[in-house]
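Descriptive analysis of the structure
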Amino acid sequence: MRESDLLPRMHWLMNPKFRIWDLHCHLSGVPGLTPEERLGQLLRYADRVGIERLCVYMGMKWSQDPAPDDFRKQNDEVLRAIAKHPDRAFGFVTLNPKHVAESLAELERCVANGPMVGVKLWVAKRCDGPEIDPLIARAVELKAVIFQHTWFKTTANYPGESTPDDLVALAKRFPNVPIICGHTGGTWELGIRAIRDQKNLFADLAGSDPTAGITEMAVRELGTERVIYGSDCGGRSFASQLAKVHGAAITEAQKQQIFQGTLRSLMNPILKAKGIQA
Amino acid sequence: MNRRLFLQSTAAAAATPLIALEPAAERLDVNFATGPWPFRDLPQLDGDSLKQRGITQAITGSLEALLTRDIAAVNARLAAECAKSGGVLLPAGTLHPLLPAWREDLRRCRDEHAMKVIRLHPNYHGYTLADPLFADMLDAITDAGLVVQIVAQMEDQRTQHPLVQAAPVDLKPLHDLLKAHPKARVMVLNANAAMITTALRGCASLWLDCAMIEGVGGIENTLKAWPAEKLCFGTHAPFFYPESSLLKLVESELSRTLLTALTVDNARAFLGRV
């Protein structure tokens with residue numbers, strides 16, 4: 001059967017009934033001199049494509065291995081941005097497992113005693129080693145959502161860049177803790193297979209080209225409840241990443257689950273603990 | 001903010017983007033393809049699939065052309081496939097200048113298949129834009145009255161199959177080439193923002209498509225530095241979800257006039273239909 005036989009006419013029109021939360025947003029690559037201006041710009045575009053909430057992490061200028069002063073500054077910028085738009089944006093705290101004590105202090109400052117609701121781990125150190133465990137353990141106590149960047153690059157990963165295999169190793173040590181596999185490993189045919197059997201890992205669709213089939217394979221192999229929409233804006237457009245869900249050959253109910261349902265279920269415990277209604 | 005308030009507060013913003021989604025009498029996709037992809041089972045999109053998405057015509061290349069040496073058969077199959085589409089799919093034949101007798105393929109494209117467009121894949125066929133044979137081919141295509149699409153890249157290098165890696169085409173020679181061949185009508189497909197702002201900077205006679213233009217508000221931002229009459233709507237489907245480029249038209253704030261330029265007028269100008 002041809003694909004065209006399966007589709008209702010003009011199916012690609014955005015369904016305004018969808019509630020869309022974006023798991024994966026940044027303040028870099030966005031016009032604006034201040035964090036507040038940049039988040040305002042992101043929201044202007046988010047409004048145009050029907051996105052209700054943004055999860056924001058990392059500052060206006062990144063480094064792959066930020067020193068404590070650097071990641072504190074980046075977190076300050078996110079705090080400023082979300083303070084301006086508390087009804088539209090959630091903040092995740094950026095940590096560096098090479099600096100455990102300082103990262104734990106940031107968890108206290110930004111999550112335990114601040115408004116942030118999640119943890120972002122990037123490329124300073126691969127996540128398979130035990131150094132990261134205290135950060136995960138404290139994040140769990142705080143009910144924070146945990147997000148780990150991953151890639152399987154044909155062209156070679158950065159030295160500290162985790163693969164989905166590394167994340168599986170971490171997830172095995174915390175089998176009851178949900179952890180999000182950032183980018184689904186980028187090369188998603190590999191990433192999905194890598195995390196399939198580790199049921200506490202969730203797939204972030206963000207930040208790779210909108211290659212047809214990513215969402216269908218993720219749903220087929222992981223189940224809809226383990227798949228989450230995200231964009232990786234401002235480096236990526238909302239459009240190309242939304243298309244992975246809007247354009248997928250799955251049901252409307254499955255799209256809604258990916259656009260918001262799964263992320264909301266992961267965030268509910270901390271939102272409830274903080275008294276945040278969303 | 002609850003859902004009701006969100007919808008109310010964004011109602012004004014939402015009203016404008018819908019312009020981009022209105023059914024249009026004409027909407028041209030300059031970057032479509034048919035045929036199998038060696039590494040993935042792509043969706044079987046056809047002319048009807050595009051029409052359902054509001055796309056009325058698509059310049060269509062063949063994915064077979066990347067790795068198949070019998071390029072004459074590839075072009076013949078493409079022409080036959082497009083002929084079944086009721087005019088929706090416009091075939092773009094492929095030439096491979098390192099194959100013997102490529103000029104005969106050009107003749108067949110024009111004389112036997114009535115093709116108007118040639119699509120080139122230098123990075124899969126093993127030549128550069130600085131090679132003299134590329135200039136020869138550009139002249140031959142131009143003399144034949146056809147226009148040229150150069151595909152800068154098919155996919156992100158980071159996700160390519162490890163045994164078939166093709167670096168993006170080096171587009172820097174185009175600047176001087178276009179000056180030396182002023183009658184050539186050339187479009188680059190799948191250029192990204194970095195290519196546009198570096199290698200292609202100043203290539204005023206060149207057309208581009210938006211399939212791989214990324215970044216939030218990507219089209220809007222590209223048009224700050226690229227002429228509005230030289231950017232076209234292209235999807236890179238079925239490799240990409242076609243909704244990606246359609247939604248880019250929504251995400252960027254574009255006037256109705258600009259939308260028409262991107263989705264109709266500029267492609268028509270490239271094809272010489274003005």
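Residues numbered from 1 in each chain as written. Chains lettered and ligands numbered in written order. Predicted model: local features only at pLDDT ≥ 70, side-chain atom pairs only at ≥ 80, totals over all residues. Heavy atoms only, no water.

All right, on to the overall build of chain A then. The number of helices and strands found in chain A is 10 helices and 8 strands. Across its three principal axes, chain A shows a C-alpha extent of roughly 60 × 40 × 35 Å. Of the roughly 9,900 Å² of accessible surface on chain A, 54% is carried by carbon and sulfur atoms. If you average the places of the 35 positive and of the 32 negative side-chain charges in chain A, the two averages end up 3 Å apart. (Helix = DSSP H or I, 4+ residues; strand = E, 2+ residues; numbered from the N terminus. Areas by Shrake-Rupley, 256 points an atom, 1.4 Å probe, with all protein chains shown as cover. Lys, Arg positive; Asp, Glu negative; His and termini not counted. Charge placed at Lys NZ, Arg CZ, Asp CG, Glu CD.)

Each aromatic ring pair is summarised here by two numbers: the centre-to-centre distance and the angle between the ring planes. Enumeration over the complete set of coordinates arrives at 11 aromatic pairs over all chains. Here B:Trp37 and B:Phe239 contribute two aromatic rings whose centre-to-centre distance is 4.9 Å and whose plane-to-plane angle is 85°, an arrangement assigned as edge-to-face. A residue pair is termed long-range when its members are at least 10 positions apart, and B:Trp37 in the loop between β1 (28–34) and α4 (47–52) and B:Phe239 in the loop between β8 (231–232) and α12 (243–251) qualify at 202 residues. Using a relative accessible area of 6% as the deciding quantity, one classes B:Trp37 as buried. Through successive ring pairs, a cluster of aromatic residues spans B:Trp37, B:Phe39, B:Phe239 and B:Phe240. One cation-aromatic arrangement involves A:Lys153 over A:Trp151; the distance from NZ or CZ to the ring centre is 5.9 Å. (Phe/Tyr/Trp six-rings, centres within 6.5 Å; stacked < 30°, edge-to-face > 60°. Buried < 20%, exposed > 50% of the residue type's maximum accessible area, 1.4 Å probe, protein only. Lys NZ or Arg CZ within 6 Å of the ring centre and 35° of its normal.)

This brings us to the interface of chain A and chain B. Facing the 60 residues of chain A at the interface are 52 residues of chain B. At the boundary of chain A with chain B, total buried surface from both sides reaches about 4,600 Å², with 56% on carbon and sulfur atoms. The tally of links from chain A across to chain B stands at 4 salt bridges. With a closest N to O distance of 3.6 Å, A:Arg236 and B:Glu214 form a salt bridge. Our count for the contact surface shared by chain A and chain B stands at 22 residue pairs in polar contact (both at pLDDT 80 or more). Looking at the side of chain A that touches chain B, the element that brings in the most residues is helix α9 (residues 238–246) of chain A, giving 8 residues. Residue composition of the side of chain A that touches chain B, by class: 23 nonpolar, 19 polar and 18 charged. (Contact = heavy atoms within 4.5 Å. Buried area = accessible area lost by both parts, 1.4 Å probe. Salt bridge = Lys/Arg side-chain N within 4 Å of Asp/Glu carboxyl O. Polar contact = N/O pair within 3.5 Å; in protein donor to acceptor, adjacent residues only side chain to side chain. Nonpolar A, V, L, I, M, F, W, Y, C, P; charged D, E, K, R; others polar.)

Okay, the pattern of salt bridges next. All names here are of chain A. Taken as a whole, this structure holds 33 salt bridges over all chains when the rule is applied. We note a salt bridge from arginine 126 to aspartate 166, for which the minimum N-O separation is 2.9 Å. Taken together, the residues span a long stretch of sequence, with arginine 126 in the loop between β4 (118–121) and α5 (133–141) and aspartate 166 in helix α6 (residues 164–173) at a distance of 40 residues. Taking relative accessible area as the criterion, arginine 126 reaches 38% and is therefore assigned partly exposed.

It is worth spelling out the packing of helix α2 (residues 35–48) of chain A against helix α3 (residues 68–84) of chain A at this point. Residues and elements named next belong to chain A. The geometry of α2 relative to α3 is characterised by a closest axis approach of 8 Å and an angle of 55° between their N-to-C directions. As judged from the angle between their axes, α2 and α3 are oblique. Handedness of the α2/α3 crossing: right-handed. In this structure, α2 contributes Pro35, Glu36 and Leu39 to the contact, and α3 contributes Glu77, Arg80, Ala81, Ile82 and Lys84. The residue inventory of the contact of α2 with α3, partitioned by class, reads 4 nonpolar, no polar and 4 charged. (Axes fitted to C-alpha atoms, helices over the stretch in contact; angles between N-to-C directions. Parallel < 35°, antiparallel > 145°, perpendicular 65-115°, else oblique. Left-handed = near helix turned anticlockwise from the far one by under 90°.)

Moving on, we get to helix α8 (residues 214–222) of chain A. All names here are of chain A. Listed in full, the buried residues belonging to α8 are Ile214, Thr215, Met217, Ala218, Val219 and Leu222. Where α8 is buried, its residues meet α7 (188–195), β7 (201–204), β8 (227–228), α9 and α10 (252–274). Glycine 223, located one to two residues past α8, shows a positive phi value of around 95°.

Let us look at the sheet that holds strand β2 (residues 53–56) of chain A. Residues and elements named next belong to chain A. Pairing is parallel across the open sheet formed by 8 strands, whose spatial order is β1-β2-β3-β4-β5-β6-β7-β8. The two strands at the open ends of the sheet, each matched to only one other strand, are β1 (21–25) and β8. Along the sheet, α6 contacts β5 (145–149), β6 (179–182) and β7; its crossing angle with β6, the most-contacted strand, is approximately 170°. (Pairing = 2+ DSSP bridges.)

Mean pLDDT over chain A works out to 94, with 94% of the residues at or above the 70 mark. Under a pLDDT of 50 for its full length, residues 1–12 of chain A has, in the predicted model, 31 contacts with residues more than four places off or in other chains. (pLDDT = per-residue confidence, 0-100.)

The next thing to look at is the pairing of β7(A). Residues and elements named next belong to chain A. Going residue by residue along β7, you find Leu201 and Ala203 tucked away on one face and Phe202 and Asp204 tucked away on the opposite face as well. Pairing analysis gives 3 bridges linking β6 to β7, with the strands arranged parallel. Bridge pairing in β7 places cysteine 181 opposite alanine 203. As for the winding sense of the linkage, the β-α-β connection from β6 through α7 to β7 is right-handed. Here 2 bridges tie β7 to β8, and the two strands are oriented parallel to one another. Considered in β8, the bridge of alanine 203 is made with valine 227. On the question of chirality, the crossover connecting β7 to the parallel β8 by way of α8 is right-handed. (Right-handed = clockwise from strand over helix to strand, strands pointing away.)

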